[in-house]
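# Architecture and fold: a report
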Amino acid sequence: MHPFVLVHILAASTCCQAFAFPDVSSLNIFDRSIFSSREAQSGVDGAGKGGTKNGQKQAQGSGCPAVWFDISKDLTSRFLKKGVCTDDARAAIRSSFHDCFDGACDGSLVLGDECFRSSNNGLLDWSMKLRAIKEQYNVGMADLIQFAGAHATVTCPKGPVVPVFVGRKDSYTPSKEGWLPPANATGDALLKAFQSKGFTATDLAALIGAHTTAKQNFVNAQFAGYGQDSTPGIWDVNYYKETIDGAAPFSFPADKNLVKHPIVGPRFKEFVGKQQRWNTAYVAGFRKMSMLGVENIDELVDCTSALPRGTRKRDIKAAPIGAR
Ligand code: HEM
Ligand SMILES: *[C@@H]1O[C@H](CO)[C@@H](O)[C@H](O)[C@H]1NC(C)=O
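Procedures and definitions
- Here the residue numbering is sequential within each chain, running from 1 through the sequence in written order.
- Ligands are numbered from 1 and chains lettered from A, in the order in which they are written.
- Under the rules for a predicted model, residues below a pLDDT of 70 receive no local features and side-chain atom pairs below 80 are neither given nor counted, while totals for whole chains, interfaces and linings still include all residues.
- The side-chain values count all of the structure's non-hydrogen atoms but skip hydrogen atoms and water molecules.
- UniProt positions are given in the numbering used here, feature names are shortened, and annotations may be inferred rather than shown by experiment.
- Axis geometry follows a simple rule: fit a line to the C-alpha atoms, using only the stretch in contact for helices, then measure angles between N-to-C directions, giving values from 0 to 180 degrees.
- For the purposes of this entry, the term helix denotes a DSSP run of H or I that reaches at least four residues, the term strand denotes a run of E that reaches at least two, and both are numbered from the N terminus.
- Roughly parallel means an angle under 35 degrees; roughly antiparallel means over 145; roughly perpendicular covers 65 to 115; every other angle is labelled oblique.
- Residues are treated as being in contact if the distance between any of their heavy atoms lies within 4.5 Å.
- Residue polarity follows a fixed list, in which Ala, Val, Leu, Ile, Met, Phe, Trp, Tyr, Cys and Pro are nonpolar, Asp, Glu, Lys and Arg are charged, and the others, Gly among them, are polar.
- Only a pair of cysteine sulfur atoms within 2.5 Å qualifies as a disulfide here.
- Summary of the burial criterion: residues with accessible area below 20% of their type's maximum are buried, those above 50% are exposed, and those between are partly exposed, where the area comes from a 1.4 Å probe applied to protein chains only.

The name an unreviewed UniProt entry assigns to the protein chain is Peroxidase, from the organism Mytilinidion resinicola. In its Sequence similarities (unreviewed entry) section, UniProt records this for the protein chain: "Belongs to the peroxidase family. Ligninase subfamily."

Have a look at this one:
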């Protein structure tokens, strides 16, 4: 562990940075769930303080504060190793979904200690790193989570540029539980949950494609580290074909349920072999995701220019053959 992180953990004021390696599997938290009960919950938290600070130096020719360009360099070193995206990159992508979908993209994943919930199993280590990066660069947590998710997406080879904005309000209030989909969710439950937040069946089929970079650890401990496609270091469409064919190292029941679903299934199948089509649909879906519950959208500043431009073919060539 980097000494800075350790110092930070010792000075911790919230749980998500307070313990380095808690045994998350022993946490017995009951997640009230729309996926197991009929009682849907709306969960928009009161906005706290945070966001991008006024008076920060702006990069020339762009409204984006210069600090995001520094953060961008820092993240590149964390997200790309040997031409493929790293465990931090996977966690960053998943975190950008998990902070938003349970209510608002408000930083409460980390600031509200949601990262200790079983629904966020596997995100604790990255949540602690986010906390340290936030302190180091003095930016808002909600923005940092979204910026890191977008950065990781384009840093994974073949990943698209997801437009990214900053200026969200942070919240220290944990979001309502039950919104994050379990590994065994039915296709109907998933579609219902996503539609209730304004997503289409195509959005859902495209967004779950982020599992192209995923490796499960908690759904089945016997197969810890198994990817949801054979190339988890690459943002490719192998995930779609392998999920349909039952050829992925490890597929979640939820993902297979979507394949079988009468409405989502056909959308899911449309992405097989269609990298560009998927990337475009993903960007549209994720743009919506990153604005969930954000009440000051008009005040946000475009920081897409601070993202890297995408990982080049020559980087991909450095990757182990099996990961390409
Ligand atoms: C729609 C239904 C979804 C379900 C049921 C689902 C479920 C899961 C589960 C069970 C894991 C494995 C956690 C573990 O055991 O380590 C996982 C990992 C992951 N999910 Fe999802 N997910 C969904 C949607 C999404 C979306 C929309 C995104 C991003 C846009 C996403 C990104 C990821 C990533 C990147 C990982 C890998 C994390 C890592 O390897 O550290 N998922 N997901
Ligand atoms: C999913 O698993 C949980 C916990 O094991 C169970 O309570 C729930 O009924 C399952 N849901 C479905 C749709 O199978």
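## Thoughts on the packing of helix H4 (residues 87-101) against helix H13 (residues 275-289)
Two numbers describe how H4 lies on H13: the axes approach to 10 Å, and their chain directions differ by 45°. Our classification of the angle between H4 and H13 gives oblique. Touching Ile93, Ser96, Phe97, Cys100 and Phe101 of H4 are Tyr282, Phe286 and Met289, all from H13. By residue class, the composition of the contact of H4 with H13 is seven nonpolar, one polar and no charged.

## So, the state of the cysteines
Tallied over the entire structure, the rule returns three disulfides. In this model, Cys64 is linked to Cys303 through a disulfide, with the two sulfur atoms separated by 1.9 Å. Here Cys64 and Cys303 share a disulfide; its torsion about the S-S bond, 100°, makes the bridge right-handed. Note that Cys64 is positioned in the loop between helix H2 (15-18) and helix H3 (67-79) and Cys303 in the loop between strand S6 (301-302) and helix H14 (313-316), a separation of 239 residues in sequence. For Cys64, a relative accessible area of 0% puts it in the buried group. Given the relative accessible area of 0%, Cys303 is considered buried. The residue that forms a disulfide with Cys100 is Cys105, at a sulfur-sulfur distance of 2.1 Å. With the S-S dihedral at roughly 120°, the linkage between Cys100 and Cys105 falls on the right-handed side. Look at Cys100 and you get buried, because its relative accessible area is 0%. Judged by relative accessible area, which is 3%, Cys105 ranks as buried.

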